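Next come the chains, spelled out residue by residue.
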Amino acid sequence: MQLDTSVIKDTVESISPKQIQYDNICKTILAHKEISAWILKHTTKEFHKFSIEYIVQHCLTEKPEISTIGVMPGTSTPLPTLRTDNTEDNVPNEGKVFYDIRFRAKLPQALTTAAVIINIEAQNHFKEKYPLVSRAVYYASRLISAQYGTEFSKSNYQDPKKVFTIWLCFNPTAKDQCTINRYCIAEENVFGHRKEKPAHYDLLEAVFVNLAIKADTKSNNTLIDMLSVLFSKTLSSQERFHKLKDNFNIDIKDNLNTEVDNMCNLGKTLYVEAYNEAEFKTTLNNIENIIKAFKVTPEQAMQALNLNKEEQEKYLPYLKQA
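Residues numbered from 1 in each chain as written. Predicted model: local features only at pLDDT ≥ 70, side-chain atom pairs only at ≥ 80, totals over all residues. Heavy atoms only, no water.

## Topic: the overall build of the protein
Helix and strand counts for the protein come out as 10 helices and six strands. When burial is assessed residue by residue, the protein has 45% of its 322 residues classed as buried. Restricting the contact set of the protein to residue pairs at least 6 apart, pairs at least 24 apart contribute 67%. When the accessible surface of the protein is split by element, carbon and sulfur atoms take 51% of a total near 18,200 Å². (Helix = DSSP H or I, 4+ residues; strand = E, 2+ residues; numbered from the N terminus. Buried < 20%, exposed > 50% of the residue type's maximum accessible area, 1.4 Å probe, protein only. Contact = heavy atoms within 4.5 Å. Areas by Shrake-Rupley, 256 points an atom, 1.4 Å probe, with all protein chains shown as cover.)

So this is what it looks like as structure tokens:
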């Protein structure tokens, strides 16, 4: 699959510094073992039957990598297990795009050191210039191909670890909110009855979790409800902590407490700024409509909307450019 990396690069560079700071805090919170365990339990069949405590203690034993591992060829750092002369990733950089979070998780009750590779993406912008599902499949494919020379070498194609790329969409459209979709490889018998072992082809999954637009929305899905509370931009820290404790038995403490506080404060700032920007655009549009409909000056149009002198000065430069 070919993916236009310049499109992703443009998207990354268009994000404001405050939004980048907010995104980084979100990634740090998602990388905490208890939060990652919640996500694994409620999105994968491999971890679904096990408790959060079991997953934290027995499956999440390695430190996650946050925004340090490149997605594109030439930017990946392998998960080190084998020492080989690997050149598969040594391709000139195609754009600096990084996995939000990547880590290895041990399979529950595995008799050996069997593991899977997990990528969690925090997606604030649901509508992009390209299908997010296509990007997720690309990420999953790169997680597999980057294993050459580390998880397996030469022709040992039976050794790659299964990969999961899990996308958490914080701002979905109204029709998409409170949904979870999984995309995976499945066998289809086109003719005859031959069956392959699932372990031979069940190597990648992409999962999309679309949160609720409002934190008080009840989706009847535990993961969606918990994440919607955790990443709400309108709840106060105390409201958030109480809801997480009372409804989901999650006790926010220690350094996670500080991170959630920082996310809460910054999230409210971004929410107010977004609201003010939307209000500004609506008022500007109303002024322009009055000017066009009644053939009046910008000043007369703003007076009709009862805007004071200070507010008029804010809009006037945009009207003169129109």
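## Examining a negative patch on the surface
A surface patch of like charges, here negative, comprises Glu279, Glu310, Glu311 and Glu313. Ranked by residue count, the leading element in the negative patch is helix α10 (residues 309-321), at three residues. As for its position among the elements, Glu279 is in helix α8 (residues 254-294). (Patch = residues over 30% accessible without salt bridge, like charges linked within 9 Å, V, L, I, M, F, W, Y side chains within 5 Å. Salt bridge = Lys/Arg side-chain N within 4 Å of Asp/Glu carboxyl O. Lys, Arg positive; Asp, Glu negative; His and termini not counted. Charge placed at Lys NZ, Arg CZ, Asp CG, Glu CD.)

## Regarding the pairing of strand β6 (residues 204-210)
Both faces of the sheet carry side chains from a regular strand, because those side chains alternate between them. Burial of β6 is extensive: seven of the seven residues sit out of reach of the surface. Burial along β6 is two-sided: the residues Leu204, Ala206, Phe208 and Asn210 and Glu205, Val207 and Val209 are all buried. Direction of pairing for strand β4 (residues 163-169) relative to β6: parallel, over a ladder of seven bridges. Across the sheet, the residue bridging to Cys169 is Asn210, located in β6. Direction of pairing for strand β5 (residues 179-184) relative to β6: antiparallel, over a ladder of six bridges. Note on β6: the bridge partner recorded for Ile180 is Val209. (Pairing = 2+ DSSP bridges.)

## Some points on the nonpolar core
Counting 46 residues, the largest nonpolar core has Leu30, Leu40, Ile118, Leu168, Met226 and Leu227 as the members making the most contacts within it. Excluding residues that lie within four positions of it along the chain, Leu168 makes contacts with Leu30, Ile39, Ile120, Glu121, Ala122, Gln123, Val209 and Leu227. Listed in part, the 18 residues of the second largest apolar core include Leu132, Tyr139, Leu203 and Leu204. (Core = buried A, V, L, I, M, F, W, Y, C linked by side-chain atoms within 4.5 Å.)

## What to know about the pattern of salt bridges
As a working rule, side chains carrying opposite charge can pair if their charged atoms are close by. Across all of its chains, the model carries 11 salt bridges by this definition. Where Glu205 meets Arg182, a salt bridge forms, and the shortest distance between an N and an O atom there is 3.1 Å. Placement of Glu205 in strand β6 and of Arg182 in strand β5 is noted, with a sequence separation of 23 residues between them. Among the ionic contacts, a cluster of salt bridges with common partners joins Lys45, Glu46, Lys162, Arg182, Asp202 and Glu205.

## As for the side chain of Ser36
Structurally, the position occupied by Ser36 is in helix α3 (residues 33-43). Among all residues touching Ser36, those that are not within four sequence positions of it are Leu30, Ala31, Leu60, Phe103 and Ile120.

## Some remarks on the environment of Gln300
By secondary structure assignment, the location of Gln300 is in helix α9 (residues 298-304). When its relative accessible area of 42% is taken as the criterion, Gln300 is described as partly exposed. Between the C-alpha atom of Gln300 and that of Ile287, which follows or precedes it by 13 residues, the distance is 9.3 Å. Within the local environment of Gln300, its side chain forms a polar contact with the backbone nitrogen of Thr297, the two atoms lying 3.0 Å apart. (Polar contact = N/O pair within 3.5 Å; in protein donor to acceptor, adjacent residues only side chain to side chain.)

## Overview of the side chain of Thr43
Relative to the helices and strands, Thr43 resides in helix α3. The class of Thr43 is buried, set by a relative accessible area of 2%. There is a polar contact of 2.6 Å between the side chain of Thr43 and the backbone oxygen of Ile39. Contact partners of Thr43, with chain neighbours within four places excluded, come to Ile166, Arg182, Val207, Val209 and Leu223.

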